[in-house]
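Residue-level structure breakdown
One letter stands for each residue in the lines below.
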Amino acid sequence: MLILHKPALVLFILLTAIYFASTSGGVNSGDGSSYALTKSLGESLTVEIDRFKSFTYDVDFARVKGHYYLDREPGLSFLSLPFYVLAKILSPFAFPPYAGTNPVVDSESILQSLTYLTTAVFGSLAVVFLFLICRSFGASKWISFLSALVFGLGTLNWKYSAGYFREPVLTSFLLASVYLLILPLPLKKLKSGFWVKAISGFLFGMGLFADYSKFYLFPFFLLYLFFRNISQVKYAVSAFLLGVSVPLIFIFSYNFRVFNNPFTNPHLHKTYFRWMSDPALLFSIPLIPGIRTNLISNGPIAEDVLVFFKNNPSVAEQYAVELYHTWMYKGILVQTPLLILAIFGWFFIFRKKFWESLLFIICAVSIFVSTSKLTVFWGSINQDGRYFLPVVALLFPGLAVFINESLKIRNRFVRNLLILVTVFLSIISVYNGWYSNITQFAPKNTGFYRFNYSSLSSPLFSLNNLKLILINTFPNFLNTIFLIPLYAFISHIPVRIFKNIKTRS
């Protein structure tokens, strides 16, 4: 069973607690706009956010026929509705983030911090499915566990699972979909294999509900189904299409209701960032400089990358581009250096699972290249590579296989050297993951960072400094008590939908 698999359960419990404890409530328009739709759904059952436009900070919204709407994909907001309802019930009994020591935190911050359990859950599920994928690729149970844990703590998955952003949700659905897709099950009509592929399609569609732009992955999934199931291709493709059609119908209905066009993208209807209504301007970064920056940058974004903004000063002013010549930007190999070893691991997977390797690598490369061309690949004022989180997740199973193969090397010196390199890069990756989280935006749009080292006092190694670091790492720690019923439920109630799924592990 999926959740009752003990290492998977431990990963889910541990990381949900860490992510949920790390949230500080609402920070700015980046999370506030999606929260505005969640709140509108929870309070008025409407997709219009007129009453809650203040959460967009008059920046991230769309205005259509006199009403205000979310200017991005609505998946996160809809998926959060049950969490918001639960948050309304629990908020009178909950603690404010920072245990009341931060003066800008208010009752709405409590409600937001509880609602943001949504991304904590989905971010943790992404780690669980990464663990299962590592197992399906032949890595041992504990190597898969440690690799998944390092992904959970040593990437931007920590920072954004503690916030309210679509990337952890997309990553979770994408990994869940691809995991079910690669399970070697018979596909006879109405048998378990057929429905597993249908669920895979449904989960892929739910990923699109969180991020429409990833629709270009759809043909890669269909091609994998075709070549991997040639003798049963009719069942494989029809099952997947059956599953994906349900979310697509909802997506088209929402788009038609809000924008009167079922095939549009909400980003094309931004009111403040009007230049985004022209799709030709959305991918203006030079390809090679963009790839270089998003792989190995460890400093300010170079001039040759931002030439579009130099030629469009009004857009540059909107995005405060002058800051990106001074602020640090880490490419994915710098943010998570363990990814280097993971890439090497794919050479071993490629020999054993050709079609699966091809699916993962093509999806990862296509996301990376297209996002490197994205005009605001650094996530606007986020100054990091959160849009590349699905790339890191798709490539990370290679780490478990790399470690697994390294431990088989007979030469003790080489084996120990590889182990030391892995441990060293793991420490750097986890440190970067922690530091990215602790330097998230301050609550209520009160600063670019909620913490930096200049906040520490002398002497450096003091109890006060330790308390300061802990409260800024886990502002919502006191509310983790509300997770106990959730943990009790998933620990004792079987997830029966997966009870017949058997893997080769």
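Please read these numbers as outputs of a predicted model, since none were measured by experiment.

1. Description of the packing of helix α21 (residues 412-438) against helix α22 (residues 463-473)
At a minimum axis separation of 9 Å, α21 and α22 run at an interaxial angle of 80 degrees. Our classification of the angle between α21 and α22 gives roughly perpendicular. Between α21 and α22, the residues in contact are Trp434, Asn437 and Ile438 and Ile469, Asn472 and Thr473, respectively. Along the lines of polarity and charge, the residues of the contact of α21 with α22 split into three nonpolar, three polar and no charged.

2. So, the pattern of salt bridges
Summed over the entire model, instances satisfying the criterion amount to 18 salt bridges. Taking the shortest distance from any N to any O, the salt bridge between Lys88 and Glu43 comes out at 3.0 Å. Taken as a pair, Lys88 in helix α4 (residues 81-90) and Glu43 in helix α2 (residues 29-44) lie far apart in primary sequence, 45 residues in all. Here Asp211 and Arg166 are joined by a salt bridge, their closest N and O atoms 4.0 Å apart. Of this pair, Asp211 sits in the loop between α10 (192-210) and α11 (218-228) while Arg166 sits in helix α9 (residues 166-181); the two residues are 45 residues apart in sequence, bridging distant segments of the chain. There is no split in this pair, since Asp211 and Arg166 are both buried.

3. So, the confidence of the model for the chain
Averaged over all residues, the pLDDT of the chain equals 92, while 94% of them reach at least 70. Here residues 494-505 is a poorly scored stretch, pLDDT under 50, and it has 17 contacts once near neighbours within four places are set aside; other chains count.

4. Quick look at α11
Among all positions of α11, only Phe218, Phe221, Tyr224 and Leu225 are buried. The arc that holds every buried residue of α11, seen down its axis, measures 130 degrees, which confines them to one face. Along its buried surface, α11 packs onto α9, α10, α12 (233-259) and α18 (354-372).

5. Overview of the packing of aromatic side chains
As enumerated under the stated definition, the model contains 47 aromatic pairs in all. Taking 5.0 Å as the distance between ring centres and 5 degrees as the angle between the ring planes, the aromatic pair formed by Phe227 and Trp355 counts as stacked. In this pair, Phe227 is assigned in helix α11 and Trp355 in helix α18, connecting sequence segments 128 residues apart. Taking the ring centre of Tyr235 as reference, the NZ or CZ of Lys234 above it sits at 5.3 Å.

Conventions used here
- Residues numbered from 1 in each chain as written.
- Predicted model: local features only at pLDDT ≥ 70, side-chain atom pairs only at ≥ 80, totals over all residues.
- Heavy atoms only, no water.
- Axes fitted to C-alpha atoms, helices over the stretch in contact; angles between N-to-C directions.
- Helix = DSSP H or I, 4+ residues; strand = E, 2+ residues; numbered from the N terminus.
- Parallel < 35°, antiparallel > 145°, perpendicular 65-115°, else oblique.
- Contact = heavy atoms within 4.5 Å.
- Nonpolar A, V, L, I, M, F, W, Y, C, P; charged D, E, K, R; others polar.
- Salt bridge = Lys/Arg side-chain N within 4 Å of Asp/Glu carboxyl O.
- Buried < 20%, exposed > 50% of the residue type's maximum accessible area, 1.4 Å probe, protein only.
- pLDDT = per-residue confidence, 0-100.
- Arc of directions from axis to C-beta.
- Phe/Tyr/Trp six-rings, centres within 6.5 Å; stacked < 30°, edge-to-face > 60°.
- Lys NZ or Arg CZ within 6 Å of the ring centre and 35° of its normal.

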